[in-house]
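# Residue-level structural notes
Letter by letter, the chains look like this.
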Amino acid sequence: MLVAVYAVFALAAGARAGVQIATKFSDAPVAYLLSALAAAVYVLATVALARGGRTSFRIAVAACSTELAGVLVVGTLTVTDAAAFPDETVWSMFGRDYGFVPLVLPVLGLLWLRRTAREGGGASAGGGRPVNGGV
């Protein structure tokens, strides 16, 4: 389910960024590039979460951590200095336009990764996440 939600958000953020960049890039280039970055992070997280093994585990942790940092930084900036972002991004106002899912999703992703790492013996035991999610 988590992978499916990430895939939907990758598609939504990518479509949003694509339309914004293609039609009105000069209006708010930073905001639109941030939406494109969010889409790229969602794609990376989707692929890494769907795959198994140590490398995918590490990439998934990095992607979820980057996503969480992005939504916290951009969310805070859009609350404290709305003029800095003349148009919304996926992470604006902590993902308000998306029901705050962008704020919750990386936390759930990191918690899931932590749980699956424990089930697989942990990274120190040579594993990270089990191949195919332990199935």
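This text goes with the structure placed above it.
Residues numbered from 1 in each chain as written. Predicted model: local features only at pLDDT ≥ 70, side-chain atom pairs only at ≥ 80, totals over all residues. Heavy atoms only, no water.

## Some points on the overall build of the protein chain
Within the protein chain, the secondary structure is distributed over four helices and zero strands. Along its sequence from the N terminus, the protein chain presents helices and strands in the succession α-α-α-α. For the protein chain, with 135 residues in total, the buried portion stands at 38%. Restricting to contacts in the protein chain with at least 6 residues of sequence separation, those with at least 24 account for 65%. (Helix = DSSP H or I, 4+ residues; strand = E, 2+ residues; numbered from the N terminus. Buried < 20%, exposed > 50% of the residue type's maximum accessible area, 1.4 Å probe, protein only. Contact = heavy atoms within 4.5 Å.)

## Remarks on the side chain of Q20
Within the element layout of this structure, Q20 appears in helix α1 (residues 2-24). Ignoring any residue separated from it by four or fewer positions in sequence, one finds Q20 in contact with F25, Y32, S35, D87 and E88.

## Side note on the side chain of S35
Positionally, S35 belongs in helix α2 (residues 29-50). With relative accessibility at 0%, the residue S35 sits in the buried group. If near-sequence neighbours (up to four positions away) are discounted, S35 is found in contact with A13, R16, A17, Q20, E88, T89 and V90.

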